[in-house]
Amino acid sequence: MGRLEAKLGRAHDLYSAGDRAAALPLFREVAEISPWDSEFSGCFDRVDVGWCRLLHDAAHVDGPEAARKIWQEARAHYRAAKFPLTMHSWQLAEMLLPDIVEVIIYEWLEDAEEAGTSDVPVTEDEHRIFQLALAEIEGSRSVR
């Protein structure tokens, strides 16, 4: 795990310093690690961070189609419908496409229903993003 932390730290530093070309391959290396390998077992959260950073970059630099491609890669990588972890999804929800937002929000709601609760505690910021996402989803459905 120390090597993954070091690689993520280096990638964050490079990206913060404006060296996107050097940072993105490091984020991708972490993102594509198999969490089932004995060497890296239990690294789901770090893998998610790698994918989230790639998604964030694609959404802000390359646009929606690039973000959609990264999203599809991430979902196919190792957990499919379980990407991203809920703790990472709120920040992504605000910036990604409505269809991606819809997946996050409805999976979250389904998980809450399966747990037998309809009221899942969220932060004020998460609630704001949730309301924006629902409005966006409903708006896109009426256009379809």
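Residues numbered from 1 in each chain as written. Predicted model: local features only at pLDDT ≥ 70, side-chain atom pairs only at ≥ 80, totals over all residues. Heavy atoms only, no water.

Counting its regular elements, the chain contains seven helices and zero strands. What you see in the chain, going N to C, is helices and strands ordered as α-α-α-α-α-α-α. Split by element, the accessible area of the chain, about 8200 Å² in all, is 54% carbon and sulfur. (Helix = DSSP H or I, 4+ residues; strand = E, 2+ residues; numbered from the N terminus. Areas by Shrake-Rupley, 256 points an atom, 1.4 Å probe, with all protein chains shown as cover.)

The tendency in soluble globular proteins is for nonpolar side chains to be buried as a group. With 21 residues, the main nonpolar core has Phe27, Trp51, Leu54 and Ile70 as its most contacted residues. Residue assignment for this core shows that the elements contributing at least two residues are α1 (2-16), α2 (20-31), α3 (44-62) and α4 (64-77). When residues in this core are grouped by element, the largest group, six residues, is from α2. With residues near it in sequence (within four places) discarded, Leu54 still touches Leu24, Phe27, Arg28, Ala31 and Ile70. (Core = buried A, V, L, I, M, F, W, Y, C linked by side-chain atoms within 4.5 Å. Buried < 20%, exposed > 50% of the residue type's maximum accessible area, 1.4 Å probe, protein only. Contact = heavy atoms within 4.5 Å.)

The end-to-end C-alpha separation of α2 is 16 Å, in line with the 16 Å expected for 12 residues at 1.5 Å each. Taken together, the buried positions of α2 are Ala23, Leu24, Leu26, Phe27, Val30 and Ala31. Along α2, the residues classed as buried sweep out an arc of 165 degrees about the axis, all on the same side. Of the surrounding secondary structure, the elements contacted by the buried residues of α2 are α1, α3 and α4. (Expected span 1.5 Å × (residues − 1). Arc of directions from axis to C-beta.)

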